[in-house]
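Results of the structural survey
So the chains spell out like this:
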Amino acid sequence: MSDLLDRRAILLDQAAADKEDAVRQCGAALVEIGAAEPGYVGTMLDREKSISTYVGEGVAIPHGTLDGKALVKRDALAVLRFPAGVDWDGEQVTVCVAIAAAGDGHIELLSALAEILLDEDQALALRSATDADTVIRLLGKIQEGTA
């Protein structure tokens, strides 16, 4: 799990002015841990403009466009929690799980994330997590599923 989810990319007390600000923060976290080039953030914003990454249960999964794949250095996740919520086209998002994936890795990551988020209890636990260990425990099975 440490390869996919760096503790430095688990930020659980964030605030964002709007959806674009939240996506920028997610991208910045991926850049900060060396998973993506700074230009990847722009492709995340482009993705959001073409189709919302809101998936339900207060969670969005921002990720880049196909053009952004060349800017990904390694597969990684960033988890940002916005306790006050962020308006996401009329929905309230409290957790963003950002993805940087080279190749088709994002498909496996999205699938593994969906399994967790479809479980009401796990989705609630992720939305209310206040420490990195809880997030790592909840998302730990993703590494197993994509290895």
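Please read these numbers as outputs of a predicted model, since none were measured by experiment.

A short note on the pairing of strand β4 (residues 76-88)
For a regular strand, the rule is simple: side chains alternate between the two faces of the sheet. Burial runs high along β4: 10 of the 13 residues are buried. Across three bridges, strand β1 (residues 5-11) lies against β4 in parallel orientation. By the bridge assignment for β4, Leu-5 is matched with Leu-77.

With respect to the sheet that holds β1
Spatially, five strands are ordered β1-β4-β5-β3-β2 in an open sheet, and the strand pairing comes out mixed. Every other strand in the sheet has two partners, leaving β1 and β2 (54-56) as the edge strands with one partner each. Across nine bridges, β4 lies against strand β5 (residues 91-100) in antiparallel orientation. Bridging across to β5, Asp-87 finds its partner in Gln-92. Sitting on the sheet, helix α4 (residues 120-127) touches β3 (59-60), β4 and β5, and the angle it makes with β5 is about 90°.

As for the pattern of salt bridges
Per the stated rule, a full pass over the model turns up six salt bridges. Close ionic contact of Arg-127 with Glu-57 constitutes a salt bridge, the shortest N to O distance being 3.3 Å. Note that Arg-127 is positioned in helix α4 and Glu-57 in the loop between β2 and β3, a separation of 70 residues in sequence.

Some points on the packing of helix α1 (residues 19-32) against helix α2 (residues 40-50)
Contact geometry of α1 with α2 gives a least axis separation of 9 Å together with a crossing angle of 145°. In this structure, α1 crosses over α2, and the sense of that crossing is right-handed. Residues Lys-19, Glu-20, Val-23, Arg-24, Cys-26, Gly-27, Ala-28, Leu-30 and Val-31 of α1 form the contact with α2, whose own contacting residues are Tyr-40, Val-41, Met-44, Leu-45 and Glu-48. For the contact of α1 with α2, the per-class residue count stands at nine nonpolar, one polar and four charged.

Considering α1
Spanning 14 residues, α1 covers 20 Å between terminal C-alpha atoms, matching the ideal 20 Å at 1.5 Å per step. Close packing links the buried residues of α1 with β1, α2, β4 and β5. The backbone nitrogen of Glu-20 lies 3.3 Å from a side-chain oxygen of the residue at the head of α1, namely Asp-18.

Comments concerning the state of the cysteines
The tally for this structure, following the rule as stated, stands at zero disulfides. This cysteine, Cys-26, is not joined by any disulfide, and Cys-96 carries the nearest cysteine sulfur, 4.1 Å off. Judged by its relative accessible area of 0%, Cys-96 falls in the buried class.

A look at unusual backbone geometry
Phi is positive for Glu-57, close to 55°, though the residue is something other than glycine. Residue Glu-57 is classed as partly exposed on the basis of its relative accessible area, which comes to 39%. Non-glycine residue Asp-89 carries a positive phi angle of around 55°. Summarising the element assignment, Asp-89 is placed in the loop between β4 and β5.

Section: the side chain of Asp-6
If you trace the backbone, Asp-6 turns up in strand β1. Looking at Asp-6, its side chain comes within polar contact range of the side chain of Arg-8, at 2.6 Å. Sequence-distant contacts of Asp-6, that is, excluding residues within four places in its chain, are made with Ile-33 and Arg-74.

Criteria and cut-off values
- Residues numbered from 1 in each chain as written.
- Predicted model: local features only at pLDDT ≥ 70, side-chain atom pairs only at ≥ 80, totals over all residues.
- Heavy atoms only, no water.
- Buried < 20%, exposed > 50% of the residue type's maximum accessible area, 1.4 Å probe, protein only.
- Helix = DSSP H or I, 4+ residues; strand = E, 2+ residues; numbered from the N terminus.
- Pairing = 2+ DSSP bridges.
- Contact = heavy atoms within 4.5 Å.
- Axes fitted to C-alpha atoms, helices over the stretch in contact; angles between N-to-C directions.
- Salt bridge = Lys/Arg side-chain N within 4 Å of Asp/Glu carboxyl O.
- Left-handed = near helix turned anticlockwise from the far one by under 90°.
- Nonpolar A, V, L, I, M, F, W, Y, C, P; charged D, E, K, R; others polar.
- Expected span 1.5 Å × (residues − 1).
- Polar contact = N/O pair within 3.5 Å; in protein donor to acceptor, adjacent residues only side chain to side chain.
- Disulfide = S-S within 2.5 Å.

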